[in-house]
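Results of the structural survey
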Amino acid sequence: MTTPFPTGTILGYPRIGRRRELKRAVEAFWRGDIDVAELEARAAGLRRATRERLASLGLGRADSSIPESFSYYDQVLDAAVTVGAAQADGLAGYFALARGDASRAPLEMTKWFDSNYHYLVPEIGPETEFRLASDRLVAEFLEAKADGFLTRPVIVGPVTLLALAKASDAAPEGFRPLSRLADVLPVYVELLGRLAAAGAEWAQLDEPALVSESLSETADELRAAAATAYGVLGRAQSRPQLFVAAPYAALGATLATLAGTEVEAIGVDLVRGTIPAEQFDCTRDALKGKTLVGGVVDGHNIWRGDLAAAFAKLGLLRELSPHVAASTSTSLQHVPHDVADEPLLDGRLKSWLAFADQKVEQVATLAKGLSEGAAAISSALAEASAALVDRRDAPGVRVPAVRERLAGLAPAAFSRAPYDERVAAQQAALDLPALPTTTIGSFPQTGEIRRARAALVAGELDAVGYEDAMRAEISRVVTLQEELGLDVLVHGEPERNDMVQYFAEQLDGFAVTVNGWVQSYGSRCTRPSILWGDVSRPAPMTVEWSRFAQSLTAKPMKGMLTGPVTILAWSFVRDDQPLGDTANQVALALRDEIADLEGAGIGIVQVDEPALRELLPLKRADQPAYLDWSVGSFRLATGGARTETQVHTHLCYSEFGVVIDAIRALDADVTSIEAARSRMEVVHDIERSGFDHGIGPGVYDIHSPRVPGVAELTELLTLAVATIPNRQLWVNPDCGLKTRGYDETVASLRNIVTATRAVRERVGTGDAVGA
Ligand code: MET
Ligand SMILES: [Zn+2]
């Protein structure tokens, strides 16, 4: 049985729902408001709606062009559970792996390639017993079949699953999960057999690890693993035809490796990558029998893009194989559903955009061009090209005053006084104990805060009423922190719906969406803004809130800003100029904001850069240039701060080691980082690196509802003081508290202060940085 690969497809579709229905259902289940049967029924309803929608947008009902890419929480967790690498007893057990429960900590979470999506890190060791432990994929295929759809099941492939896993606690030093490849393959073979028996004609194995040079395995190791894995899966007795997708960057020489196996279709990302010329020779014969699936429609951004250029790339692929299909470069899980769902966006801007549904239509158009010839789609290509031209010359896209200021910057704008001088000045200005305690900025966003914001948006509350409500909340948060005995206070960020959108709403050059939700992790979604034009700051953005908060306390109040890299990473960014230029425009706006905060009496300013690691290019050759502009933009933002102003930064996620040189180059006085979920592993990286500025490894994992106990916190702090000089150490949670409830927050912070006091007594009161 060989049915051809569909001429147009997508690698995956958003699963959270057009109105975040899955989020609501899952959270209702967690609260105990609905039972498992109701949750499953709602999820099935969503899958059904997605299939119908995709068919109406032009994907075929019965040709495997609709991918089944649903997940209740995360696709990596799904694959781990499927092969028995994570033990989940029912859906409740599945969620417990992700979120932790009273008896166990959750799995570590980190970013999926260079996206803002977080996956759960499976823990695999020599003791892991692989077995086919879930039939979810088969059941979903059959569910679609019963509705008259022949879908294409999607699962994270074996190489990526193992390459993204970490060694289990039980594993010996130096153990690599990828060494278990031969053991996990039979489970994939068995799964493929079941899918074939159920009637699946194609299955998709996602293998983005094959494009990455940022994992602990080298490109050669990954290539060898791909040869082994797809050698074995290709020879499986009974299986659907295999489509191996390699999104997020160029596949390079691994294309030849895959071409040498028996897989039937290979997906390449032609938005990020190209096919290197040498591949045309060395893979020519092997590729002739394969379907090449060209990821020519950007799955990771919202621009309508150059459709004619996309079509031309498919033409190039045809020189390699007569079987070519059009696809998105990545799953569409990174983009919102539908531009038509944005009643408030400017019509002209809208004509430049394509969200998931528009991208599906683009793929359908390209597929039509492939099967019927370019003439059949010439008007669609011309319309897309006209939108590009319109965008280039539209007002606001290029603003001379912004460009002139950037062009006139002197190198000195990127540097502060030497660190020693700053430490002395900050010691004199601030009065801090050893191991100062602080938080990362946000406090729980209560129902009351959200209701006030909704009432403001709905026009039921005027600006004065809203500001009163926010001031009341700030007062509560300041009082609470004083009661708890924290040393450096925050105002709690109640006025911020989101740490990027808050700034995007106030800066020129950005537009914000109403329904543009994108899954961030589990049930959490963000609504990225659209950075479409030159950026400038019409007025101060945070100053009045910080001034008010500082007026309530004698302790230092940290001003809170989001850094340029993060503002870019968590927005949909213009693709018509280098990212570094855009970042520097944002940096200048922040630089002016810091000056205004200083003028308002704020002595500590935190500039969050949680996305610094996330945007790191997957290819090594691209990394130095990225680190150069990203670090440069942070330094431009903070370089005007006074010597006595203590500049903090905050980074989430534990791969500190990878970007340590960049963190050092940021030259922030104090850096807080995530560390709790990885049990403080990061302090060893800090020690090894000789990092000598202030550092706050997070002791409280705020991604989990769990309250860390005093004993556990004391243990983490003891580890930290044993490894890092006391004068450098700060004590703080992993991240902001906005997603947490008040009870758990208060209990956790109380325990943090108690544990810190105990450890402080034991180590004596050495000088803290900036104390
Ligand atoms: C994702 S990093 C969050 C930092 C921000 N200041 C907060 O506390 O919410
Ligand atoms: Zn954070």
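Numbers given to residues run from 1 along each chain, matching the order in which its sequence is written. Each chain gets a letter, beginning with A, and each ligand a number, beginning with 1, in the order they are written. It should be noted that, the model being predicted, local features are given only for residues of pLDDT at least 70 and side-chain atom pairs only at 80 or more, the latter also being counted only at that level, while totals for whole chains, interfaces and linings use all residues. Excluding hydrogens and water, the side-chain values take into account all heavy atoms of the structure.

Going by this rule: UniProt positions are given in the numbering used here, feature names are shortened, and annotations may be inferred rather than shown by experiment.
Per an unreviewed UniProt entry, the protein carries the name 5-methyltetrahydropteroyltriglutamate--homocysteine S-methyltransferase and comes from Gryllotalpicola protaetiae. On record in UniProt, under Pathway (unreviewed entry), the comment for the protein is "Amino-acid biosynthesis; L-methionine biosynthesis via de novo pathway; L-methionine from L-homocysteine (MetE route): step 1/1." Under the UniProt heading Function (unreviewed entry), the entry covering the protein gives this text: "Catalyzes the transfer of a methyl group from 5-methyltetrahydrofolate to homocysteine resulting in methionine formation."

1. As for the overall build of the protein
Cut-off, in case you're wondering: Secondary structure is summarised from DSSP: a helix means a run of H or I of at least four residues, a strand means a run of E of at least two, and numbering begins at the N terminus for each. Radius of gyration: over C-alpha atoms. The globule rule applied is 2.2 Å multiplied by the number of residues raised to the 0.38 power. Residue exposure (1.4 Å probe, protein chains only): buried if accessible area is under 20% of the type maximum, exposed if over 50%, otherwise partly exposed. We call two residues in contact when some of their heavy atoms are within 4.5 Å. Only the protein chains shown count as cover for residues, with accessible areas throughout obtained via the Shrake-Rupley method and a probe of 1.4 Å. Only four residue types enter the charge count: Lys and Arg as positive, Asp and Glu as negative, with His and the chain ends excluded. Each charge is placed at NZ for Lys, CZ for Arg, CG for Asp and CD for Glu.
Across its full length, the protein holds 28 helices and 21 strands. Against the compact-globule benchmark of 28 Å for 771 residues, the protein has a radius of gyration of 26 Å, which places it among compact chains. With 771 residues in all, the protein has 63% of them scored as buried. Summarising the internal contacts of the protein: among those between residues at least 6 apart in sequence, 80% fall at separations of at least 24. Entry remark: accessible area of the protein is about 27,300 Å², with carbon and sulfur atoms responsible for 52%. Charged side chains in the protein number 76 positive and 102 negative. The centres of these two groups are separated by 2 Å.

2. A word on the packing of helix H26 (residues 682-689) against helix H27 (residues 710-723)
Spelled out, the test is: Orientation is described by axes fitted as lines to C-alpha atoms, over the contacting stretch for helices, and by angles from 0 to 180 degrees between their N-to-C directions. Reported orientations rely on four angle classes, namely roughly parallel under 35 degrees, roughly antiparallel over 145, roughly perpendicular from 65 to 115, and oblique for the rest. Three categories are distinguished: nonpolar for Ala, Val, Leu, Ile, Met, Phe, Trp, Tyr, Cys and Pro, charged for Asp, Glu, Lys and Arg, and polar for the others, with Gly belonging to the last.
Taken N-terminus to C-terminus, the directions of H26 and H27 make an angle of 10°; their axes are 10 Å apart at the nearest point. On the basis of the axis angle, H26 is roughly parallel to H27. Listed contacts from H27 to Val683, His684 and Glu687 of H26 are Leu719, Ala720 and Thr723. In terms of residue class, the contact of H26 with H27 is made up of three nonpolar, two polar and one charged.

3. Topic: the coordination of the zinc ion (ligand 2)
The cut-off we apply is this: Coordinating donors are taken to be N, O and S atoms lying within 2.8 Å of the metal, or within 3.2 Å when the metal is Na, K or Ca; because water is excluded from the atom set, some sites may appear incomplete. By the criteria applied here, four donors are tetrahedral when all angles lie between 85 and 135 degrees, four are square planar and six octahedral when opposite donors are over 155 degrees apart and every other angle lies between 65 and 115, and any other arrangement is irregular.
For the zinc ion (ligand 2), every protein donor is listed as His650 (NE2), Cys652 (SG) and Cys735 (SG), and the spread of their distances is 2.0 to 2.2 Å. Relative to the metal, the four donor atoms surrounding the zinc ion (ligand 2) lie at angles of 99 to 126°, and the coordination shape comes out tetrahedral. The motif formed by the donor residues of the zinc ion (ligand 2), counted along the single chain, is H-x1-C-x82-C. Of this pair, Cys652 sits in the loop between strand S19 (646-651) and helix H25 (660-666) while Cys735 sits in the loop between H27 and helix H28 (742-763); the two residues are 83 residues apart in sequence, bridging distant segments of the chain. Like Cys735, Cys652 is buried.

4. Let's talk about the site of ligand 1
What counts is decided by this rule: What makes a residue near a molecule or strand is one non-hydrogen atom of that residue sitting within 4 Å of it. In protein, a polar contact means a hydrogen-donor-capable atom and an acceptor-capable atom, both N or O and within 3.5 Å, with residues adjacent in sequence counting only if both atoms are side-chain atoms; elsewhere, any N or O pair within 3.5 Å suffices.
Taken together, 13 residues form the shell around ligand 1, and within it Ile440, Ser442, Glu493, Asp608 and Gly736 come nearest. Between Ser442 and ligand 1, the recorded distance is 2.8 Å, taken from a side-chain N or O atom to an oxygen atom. Residue Glu493 places a side-chain N or O atom 2.8 Å away from a nitrogen atom belonging to ligand 1. When ligand 1 is considered free in solution it has 300 Å² of accessible area, and contact with the protein chains removes 94% of it. Of the residues in the shell around ligand 1, the class split is seven nonpolar, four polar and two charged.

5. So, the UniProt feature "active site" (unreviewed entry) in the protein
The sites that UniProt annotates as "active site" (unreviewed entry) are His703. Within the secondary structure layout, His703 lies in the loop between strand S21 (694-697) and H27. For His703, a relative accessible area of 12% corresponds to the buried category. Setting aside residues up to four positions removed in sequence, His703 forms contacts with Met109, Tyr521, Glu674, Arg677 and Arg740.

6. Brief notes about helix H15 (residues 378-392)
Applicable threshold: A helix is expected to span 1.5 Å multiplied by its residue count minus one. Directions drawn from the helix axis to the C-beta atoms are what define this arc.
Taking 1.5 Å of rise per residue, the 15 residues of H15 would be expected to cover 21 Å, and the 21 Å separating its terminal C-alpha atoms lies within 8% of that figure. Those residues of H15 not exposed but buried are Leu381, Ala384, Ala387 and Arg391. On an axial view of H15, the arc spanned by its buried residues comes to 120°, and they lie on one face. The inward-facing, buried residues of H15 contact helix H12 (307-317).

7. A word on the pattern of salt bridges
Pairing between side chains becomes possible if they bear opposite charge and their charged atoms approach one another. Where we set the bar: For salt bridges, the criterion is a side-chain nitrogen of Lys or Arg within 4 Å of an Asp or Glu carboxyl oxygen.
Within the structure shown, the criterion is met by 54 salt bridges. A salt bridge links Asp147 to Arg48, with the shortest nitrogen-to-oxygen separation between them at 2.6 Å. In this pair, Asp147 sits in the loop between helix H5 (136-146) and strand S5 (152-156) while Arg48 sits in helix H2 (residues 36-56), placing the two residues 99 residues apart along the sequence. A relative accessible area of 28% means that Asp147 is categorised as partly exposed.

8. Focus: the side chain of Ser212
Mapped onto the elements of the fold, Ser212 is located in the loop between strand S7 (202-206) and helix H8 (219-234). By relative accessible area, which is 2% here, Ser212 ends up buried. A distance of 3.0 Å separates a polar atom in the side chain of Ser212 from the backbone nitrogen of Ser214. Excluding anything up to four places from it in sequence, Ser212 contacts Phe113, Leu222 and Leu618.

9. Quick word on the confidence of the model for the protein
How we decide: Every residue gets a pLDDT, meaning the predictor's confidence in that residue, from 0 to 100.
For the protein, per-residue confidence averages 95 on the pLDDT scale, and residues scoring 70 or more make up 98% of the total. Overall, residues 766-771 carries pLDDT values under 50, and its contacts beyond four positions in sequence, including any with other chains, amount to 27 contacts.

10. Some points on the packing of helix H7 (residues 181-198) against H8
A pair of packed helices is characterised by two quantities: the angle between their axes and the separation of those axes. The criterion, for reference: Put simply, a crossing is left-handed when the front helix is turned counterclockwise from the back one by less than a right angle, and right-handed when it is turned clockwise.
Where H7 meets H8, the closest approach of the two axes is 9 Å, and the angle between their N-to-C directions is 35°. Like other packed secondary-structure pairs, H7 and H8 cross with a definite hand, here right-handed. Where H7 abuts H8, its residues Leu181, Leu185, Tyr188, Val189 and Leu192 lie against Ala225, Thr228, Ala229, Val232 and Leu233. Among the residues forming the contact of H7 with H8, the class breakdown is nine nonpolar, one polar and no charged.

11. Some points on the nonpolar core
Under the convention used in this document: Remark: nonpolar core denotes a set of buried residues (Ala, Val, Leu, Ile, Met, Phe, Trp, Tyr, Cys) joined through side-chain atoms within 4.5 Å.
Counting residues in hydrophobic clusters, the biggest one holds 137 residues, and the most contacted among them are Tyr72 and Ile530. Looking at this core, the element that brings in the most residues is H7, giving nine residues. Contact partners of Ile530, with chain neighbours within four places excluded, come to Ile302, Trp303, Leu345, Leu353, Phe355, Gly509, Phe510, Ala511, Thr513 and Phe572.

12. Looking at the pairing of strand S11 (residues 323-328)
Quick note on the threshold: At least two DSSP bridges between two strands are needed for those strands to be called paired. Handedness is read with the strands pointing away from the viewer; a crossover is right-handed when the path from the first strand over the helix to the second is clockwise.
Within S11, five of the six residues are buried, leaving the element largely enclosed by the surrounding structure. Sheet topology places strand S10 (residues 291-297) next to S11; six bridges connect them, and they run parallel. For Gly295, the partnering residue across the bridge sits in S11 and is Ser327. For the crossover from S10 across H12 to S11, the handedness is right-handed.

13. Examining the sheet that holds strand S16 (residues 558-562)
If you walk across this open sheet you meet the five strands as S16-S18-S19-S20-S21, and the pairing is parallel. Two strands close off the open sheet at either side, each with one partner strand: S16 and S21. Recorded for the sheet is a direction-independent mean angle of 20° between the axes of neighbouring strands. Note that S16 and strand S18 (residues 604-608) share five bridges and pair parallel. Within S18, the residue paired with Leu561 across the bridge is Val607.

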